[in-house]
Structures are given as structure tokens and as C-alpha cells.
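Given next are the chains, with one letter for each unit.
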Amino acid sequence: MRRISLGTALIFAGLLAFIVAAIGADVFASNDPLRQSLLLRLRPPGTATATAYFPLGTDDLGRDLLARILYGARASLMVAALSVSVSLLVGVTLGLMAGWFGGWVSIVAMRAVDTMLSIPAILLAVLTVAVLGPGFFNLVLVLGLTRWPRYTRVAYAQTLQVAALPYVRAAEMAGCGPGRILLRHVLPNIAGPLMVVATSEFGLMILFEASLSFLGLGIQPPYPSWGSIMSAGRQYVVRAWWLTAFPGACLFGVVLCVNLFGDWLRDRVDPRSQGR
Amino acid sequence: MIALSVRDLSLAIGRTNIVDAISFDVAPGEVLALVGESGCGKSVTAQAIMRLLPAAIRQTGGEITLGATSLSNLPARAMRDLRGRQIAMIFQEPQSALDPLATVGNQIAEALRQPLAKVRAEVRQMLVEVGISDPDRRIDQHPFELSGGMCQRVMIAIALIARPAVLIADEPTTALDVTIQAQILALLRRLAAERQTAVVLITHDMGVVADIADRVAVMYAGRVAETGPTAAVFATPAHPYTALLLASIPRLSDVPKSALAVIDGQVPQPADYGAGCRFAGRCPRADRRCVAETPALRPVADGRLVACFHPVGG
Amino acid sequence: MPELKSRLLQALIAIFGVLTIVFFIMRLSGDPTLLLVPDGATAEQIAALRHVLGFDRPLLVQYGAYLLDLARLDLGQSLVQHAPVAGIVAERIPYTMALAGGALLVALGVGLPAGLAMAVWRGTWLERALAGFVLAGQSLPTFWSGLLMILFFGVYLGWLPTSGSDDLASLVMPSVALGAITMSSFARMTRIAVLDELSRDYVAAGRARGLSYGAVILRHVLRNAAIPVVTIAALEVGNLLAGAVIVETVFAWPGIGQLAIQSIASRDFLVVQTIVLFVSMVYISMNLLADLAYGVIDPRIRRDR
Ligand SMILES: Nc1ncnc2c1ncn2[C@@H]1O[C@H](COP(=O)(O)OP(=O)(O)OP(=O)(O)O)[C@@H](O)[C@H]1O
Ligand SMILES: [Mg+2]
């Protein structure tokens, strides 16, 4: 049994806090994140009125910043989780098939990977969202369908290795079909490295969602996202620093925790890479 | 006169001793062979002499003297000045001991601490001396353009160009073809004699020892088991380990690498080094005393020292 | 030579792939005409435009025409600005290049020494401090760090201009914001490369002939470690150009990133398409360039070519 260090515990605590905040946003938020009040515009953190308390202040339309950040966490988590799932599914399927069947399947798949990687991800997402129109569903679809190549690479390389193992060959001789072998024997073997990639992609997706929303191409107003809160807060950065500081700090903290978690996971999955 | 003297050198990783009070001397122009099985501590001894031990390994005792200079308390700066000039070293794998991106000439010139342009003639002359043909072309080539044997000749050139008093060669021929091995050893032997360089030749090949060493120190599990003139040790080995080692060499010494495996039992690991003679577990002559007490090195016939309570023929 | 040829072929395939992907993305919405008409056009105007632009032809014919136009370097006309797209984009490229150059300078200037120090002083407090710094750089959202810098250096201290492109000083903050993530990947990569090299025999051999540890690193380790670092340096240039989309928006920097976002707002999609194609071509060429750079650094490859 490995002992978990204080640092690791903090990473887990940070991630847990993010997930709990996202899921329980409606429980923790004491105000409606969409409710505007033009009399309470740009109030600083700690503002209290007769009926409501705004621990993190209010935004330019007088909405409760804490509530918006909590619901923003929910948007962030959902976009990241769903788009990672989509790209994981696409990428792994392609990689498994390329590794197992080889030949022209692998040639086409790997050329496609190279091509996708030649278009910088954020630009590809910007273009696609712009064509399809913004919104939650399109965002998930675009991020999911543009970020699969890294999984394909890993799944392909690992499948080549695993497919050569004696017991996999034996299962093939025993008459198992490729689908069964890939799912039952190959996939469990490559789960570790895939998890490592998925974690780093999860962090990237959170950043992409925030960036696209910041550019006005992601979650659409009035619904809150960390990126769009900051985009609105940009005009008031001098008068109302909290609109930039709090959602940004949340974003930074979550991405940091995800990256640290990714490093921790990689050291466990591949002990040779320790400290690298 | 003595060029290099090692007295009671002890090395440890953490609390585990890996080398235990070993001693030997080398005179100018003499070749001393340090032999022993893999892991017995030959390479770390060489590193300790160069004062280039890995961070994990500490010197826990002993004294190393180069000519009249004690190395143990020398400031790092002074030690660096000695390296390459007074004491040099060559390595087991010549190709990886050379920087793949630097030319041969530049790497040789570094041992003189001069830019190549200034010492080109000298470097070229050294290449000739180590038997590299076409030195004018080779001097500007990279290691990948040279064969393994040629790379080792370059390493020898690097080591000897500043005319050091002592040369340490850690298994300089293990990675080379058999035919090349003999040439490299002959070259080392000749240059050492010409330049009066004292050579510590590390090997686990008794055939190599017989070929070129004046004296031999046999190591076993971090200690010296027996030391003396090569001829005498080979004629009448006094330590049971030496005897078994020599007996297990095939008549024609052409496959010496597997020879050591013939002795029954296993070499103890540093963590398992206990009291008593470390060879006792595998020794046909061992008794209760061998297990309880550590035998000290003591003189026997022909100027030899043996660490054994029951030496062969004694 | 054969190596170089296969690299060139790979680059060509990638270029072709990028063109194809962009073509189909532009048609994802069903009717690309709708992407190109100014707001408020009537149904007849749209139909007329569809015919003029050839979007009423079969998809394959359109694809062929698109490739032909690009092969002739004809990128089309902007219906919003009534000018050739190529000119509109080209005008902005120098700004983005300056920004990417500044960011690269920041990334190399900080990332390489940091990575080197982490490898050389492995296991010390310095390594841990630098590792924290690198991790922070990797996790920073550029628009947030940009805004914080504007707030602190621009507004609070008043040292640097908060936006615009008037002088070199206004390039400082955007470069730092854009370069942070790249700096982190340089530092990580350099650390690994240097650690790999430090464990090699030639390091011990160099010290055995009297070089100091520092001299071995300067004369031998750095050049060897540079080989893997050069590749990602080239790849990072592409990422820097893409990251410019966000940084230029934050700092109102008039490069292609800002242009892309403005063009989306004004529904000038040919401009967006051209920017995506341009950045991808730069990315692919940098990749190729990195392969060539190997030859310059590594004599083993130089001779093969
Ligand atoms: N860098 C190091 N870190 C930790 N332990 C080491 C290191 N180098 C050597 N050792 C240990 O020190 C002991 C002596 O090793 P050494 O390399 O000197 O053996 P050797 O006699 O040269 O063997 P070989 O014939 O295989 O070269 C071994 O137990 C080895 O595991
Ligand atoms: Mg050794």
C-alpha cells in the first residue's frame, strides 16, 4: 500500500471540491444565478442587502457572482467530461482498429491523426463552432470530434504491443473474434496510458471551454461559464476586479489540480517515468 | 617508487559497505590488474580514485596517494587540475564515452585544456602513436565514423596525451572484438612502458591478466583476496578463490568470460556481507573460524599477500 | 536523402488533409452561402450569391474548384470588406509574427534555463521551486493571466500600455501571456533531455579528463540535449500562432487572431478559413524545418543526406 502524501491529498481535495461544487451548484448557491437586479450592479464581495447576501459580489447585471461561479463549474465539468468521452470513444476505436488490422487501415488512421494534429486545436474549434453556431451541444461535439488524435496514437502503439503478447495470440487461435479480443483482452491492458492522456485532455478541455466562452463562442449568455463571466468582466476590470479574479482563480486552480493529478497518475501507471 | 597507492579504501552506499579496506600500490611503468567477479567493487574503486563517485556512494575510510599528493583532502579545484594531467581513465564502452556530436580532435584537445587549433600538431602526433592511420582525416571526424576499436584508441589518446603518471583502464576491451582486444592491450602495454605510466587495469578476464599484467590483485566481494606478481600467483595461487578461478580457465584462454560461473555457489550481495571470510560459503577449505573471523592480508612466499586462514599449499 | 523525401511526402499529405478538413467544416452547416452573406440579405440575393459562388454545384465539383483556386493561390473575395481575402489577412500577419516572436523569446529565454537548472540541480529545493513555476505556467489560462497583468502592470503600476500596438513596450505583456504555456513545455522537455544526457558515459569521461561539471554541460551536454528540444520548439510555433486568437483579443493586438474573431462576428468566413489554412501551413512547414534542423545539429544525420 502506498502512502498518500499531503500534496496528493490536496490535489484530490481540490478535484473533489470542483466536482461537488459543480454537482451541488443549486444547493450551495443561495441566489439564482440568472436573476438580475440593476440596482445591485457591480457590488463588491461581501455586499449584503435586506434580503440577500453576495459573498463574492455581483456582476454588471447585478447577478450573484458566487452562484454564477458555481453554475459555471457545472458547465465546465459537463463540457469537459462529455467531450472527453466523445473523443475517447472515437480515438480509441480508431486506434484499436488501426493497431489490430494494420495495413491500409492503420495508414489511413495515422495520416488522419497527423493531419488533425497539424491544425492547432483552438483554431479548429473556433472555426467549427463559428460555422455550426455556439451553444452547449455544439461545443461538446466540436471539442469531442477534434481532440481524438492523441488517444488514437496511444491506443495504436499499445495495441501493437499487446496484440503480439502470447495470450492474446492464444485467444485468437481459440476462435475469439476481433471485437471480443479487443474489448476483453486489449482494452484493459491499455487502460492505464489512456487514462493518463484522458486526464491531460480533461484539463485542456476545461481551458478550451473557458477560452471559447471567453471569445463568445461557447456557453451563451445568460447562462454562466467561467470564460463568459470573465469576458463580461473584462470591461470592468478596473472597477470590479472580482469579476476577473474569482472565476480565473477557480479555473487556474482546477486546471492545476487536473495537471497534478495527471502527473501523479502517470507515475503510477508508468513507474519508469517517475519524476519526469 | 610508487605512482599510486590505495590504503584501506572503504566505500559505502548508505550503511552498506560495498568496498572494505582494500589496498594496493602501482609503480611507474607497471601494470596492475584488478580482477574479480561482476559487482565486487572494481568500478567504484576506480571512481573513488578519480574522486568521481556517484552521489549515492561515499568514501568511509582510507587514503589515496598520487605520487606525493594525498587525494583524499585535496580541494575539488586542485583535484580537477590533476585529472587528465596526472591521472587519467579509459572506459568500457569507447563509443558511448565519446560525445557523439564533437569531433575526435576537439575531445583530445580538451585533455590539454587548449583549443584544437593551438595543439593540432600534438593531437595529430598522438593519433599516430595510438596507431590510427590517416590521422589528418580522422582528427576532424565524429565518433560514429570510427569503429569501436578506433574509438578506444582515441580514448587512449585522450587519456595519455597529457602524459599522466597513472592510467586507470576499466575493462577497456570488454566491448571489443577478440582480435581487436589483443591489439588494444598490446598498445596499452607498449605506451605504458615507453612513458613510464602506472596502469591499473580492471578486468574479469584472467586471460588478459596473464597477457599483460606485472602484478595482480584479486578482489572478492569488496575485499582483496590475494595480491602479488602475476607469474607467482598464476603458478601457485595461495587463496582458494584464486586457485578455483585459475582452475576454471580453459586451457586456451579464448572463452574466459564464462569461466567464473563454473565455481559453485553465489557471490554474496553487499547487503548480505557479514562477519568472517566472504568466500567461506563457497570455499572447500572453510571451517568455523572462517565464518567467525575476518582474515587479514598477510605475506606468503614470493612477495605475495593473502587474506586466508588456510592458504593453498601453506 | 530518402528520409527527407518521405518527410516531404508526409508534409504534402498533411497539407492535403488540412485543406480537405477545412473544406468540409465550411460545409457542416449545410449551406455555406449563409456563412458568407452579410446580415439582412433577401432570399433572392442569397440564391443569386449561391449561384455565383458555385455552391449549387455537386459537392465534388465544389471540392475540385476549391483545390484549384487554392493551387492558384486564389483565396477568394471578402463579401463583407469587398477586397481580396489574401490582402486582408496578409496585412495582419506581421503583427502576429511579432507577437509570436516575442512569446517565443520569452518561452525560450525562461524555459530553457529553467529546464536545464531542474536537471542539473535535481532533487534540490531549486528543482521543486522551478517545477512549481513550470506547472503554474502550464495551467494558466492566457486570458486570465493577460487580464491580471493588465490590471497590475498597466493599471496599478502604470508601467506598460494596457493594449494597442504602438511600440515595443506594448508587446511585452501579450508576449509573456502567450509564451507562458510554451515556456512550460520547453522547460519540461529540456529537463528530460538534459537528464538523459547527464547519465551518459561521455559526461563521466569528460570529467575524467579534467573538465569541470559546468564545462562538460556547456561543451557537450547542451548540444546533445538540443536535438529533441528543437522538434518541439518548431511545433510550438504553430501553437503560439493559434494561442494568438485569445491573447490578441485580450490585448487588442491587431494580428490575425483578433482578425479571426472579428471576422466571425462580421460573418466573413473566407477570412477565417484563410487564417486557419495559413496557421496550419506554418505548422506543417515548421515541422519540416525541424527535421532539416536535425541535420545541422547532428552530424550523424548530416552525412546521410
Ligand atoms: N551508481 C551506483 N549507485 C548505487 N549502487 C552502485 C552504483 N554503482 C555501483 N553500485 C553497486 O556497487 C557495487 C560494486 O559495483 P561495481 O560497479 O564497482 O562492480 P564491478 O566490480 O565494476 O562489476 P562489473 O564487473 O560488472 O563492472 C555493486 O553492488 C553495485 O550494485
Ligand atoms: Mg565495472
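Residues numbered from 1 in each chain as written. Chains lettered and ligands numbered in written order. Predicted model: local features only at pLDDT ≥ 70, side-chain atom pairs only at ≥ 80, totals over all residues. Heavy atoms only, no water.

1. A look at the interface of chain C and chain A
The interface of chain C with chain A comprises 46 residues on the first partner and 42 residues on the second. Of the roughly 3900 Å² buried where chain C meets chain A, counting both sides, 79% is carbon and sulfur surface. On the chain C side of the contact with chain A, C:F143, C:W144 and C:L147 bury the most area, a combined 16% of that side's loss. For the pair chain C and chain A, the number of links is one salt bridge. Notably, a salt bridge pairs A:D263 with C:R188, separated by 2.9 Å at the nearest N-O pair. Elements that contribute at least two residues to the side of chain C that touches chain A include exactly α1 (2-26), α6 (125-139), α7 (142-156), α8 (169-198), α10 (213-251), α11 (256-265) and α12 (269-297) of chain C. (Contact = heavy atoms within 4.5 Å. Buried area = accessible area lost by both parts, 1.4 Å probe. Salt bridge = Lys/Arg side-chain N within 4 Å of Asp/Glu carboxyl O. Helix = DSSP H or I, 4+ residues; strand = E, 2+ residues; numbered from the N terminus.)

2. Some words on the interface of chain C and chain B
Each partner contributes to the interface: chain C provides 20 residues, whereas chain B provides 25 residues. Regarding the contact of chain C and chain B, the summed buried area is about 2000 Å², with carbon and sulfur atoms giving 59% of it. Among the salt bridges present, the one from B:E110 reaches C:R209, with a minimum N-O distance of 2.9 Å. Inspection of the chain C/chain B interface yields 11 residue pairs in polar contact (both at pLDDT 80 or more). Looking at the side of chain C that touches chain B element by element, the count peaks at six residues for helix α9 (residues 201-208) of chain C. Considering only residue class, the side of chain C that touches chain B consists of eight nonpolar, four polar and eight charged. (Polar contact = N/O pair within 3.5 Å; in protein donor to acceptor, adjacent residues only side chain to side chain. Nonpolar A, V, L, I, M, F, W, Y, C, P; charged D, E, K, R; others polar.)

3. Things to note about helix α1 (residues 6-23) of chain A
Residues separated by three or four positions in an α-helix point in the same direction, a consequence of the helix having 3.6 residues per turn. End to end, α1(A) covers 26 Å across 18 residues, agreeing with the expected 26 Å (1.5 Å per residue, within 8%). Summarising the contacts, the buried residues of α1(A) are in contact with α2 (25-28), α3 (65-101), α9 (178-214), α10 (226-233) and α11 (242-269) of chain A. (Expected span 1.5 Å × (residues − 1).)

4. A short note on unusual backbone geometry
Cis geometry marks the peptide bond from A:P221 to A:P222, where omega comes out at 10°. Here A:P222 shows up in the loop between α9 and α10. Even without being a glycine, B:A21 presents a positive backbone phi close to 50°. Along the chain, B:A21 turns up in strand β2 (residues 16-26). We note that B:R51 has phi near 55°; this positive angle belongs to a residue other than glycine. Note that B:R51 resides in the loop between α1 (42-50) and β4 (57-66).

5. What about the pairing of β2(B)?
Every other side chain in a regular strand lies on the same face of the sheet, so the side chains alternate between the two faces. Residues and elements named next belong to chain B. Counting buried residues in β2 gives eight out of 11 residues, a clear majority hidden from the surface. Here strand β1 (residues 4-13) pairs with β2 via seven bridges, running antiparallel. Residue pairing in the sheet places L9 in a bridge with I22 of β2. Here β1 hands over to β2 after two residues, with G14 in that stretch at a positive phi of 60°. (Buried < 20%, exposed > 50% of the residue type's maximum accessible area, 1.4 Å probe, protein only. Pairing = 2+ DSSP bridges.)

Any link to function would need more than the numbers given here.
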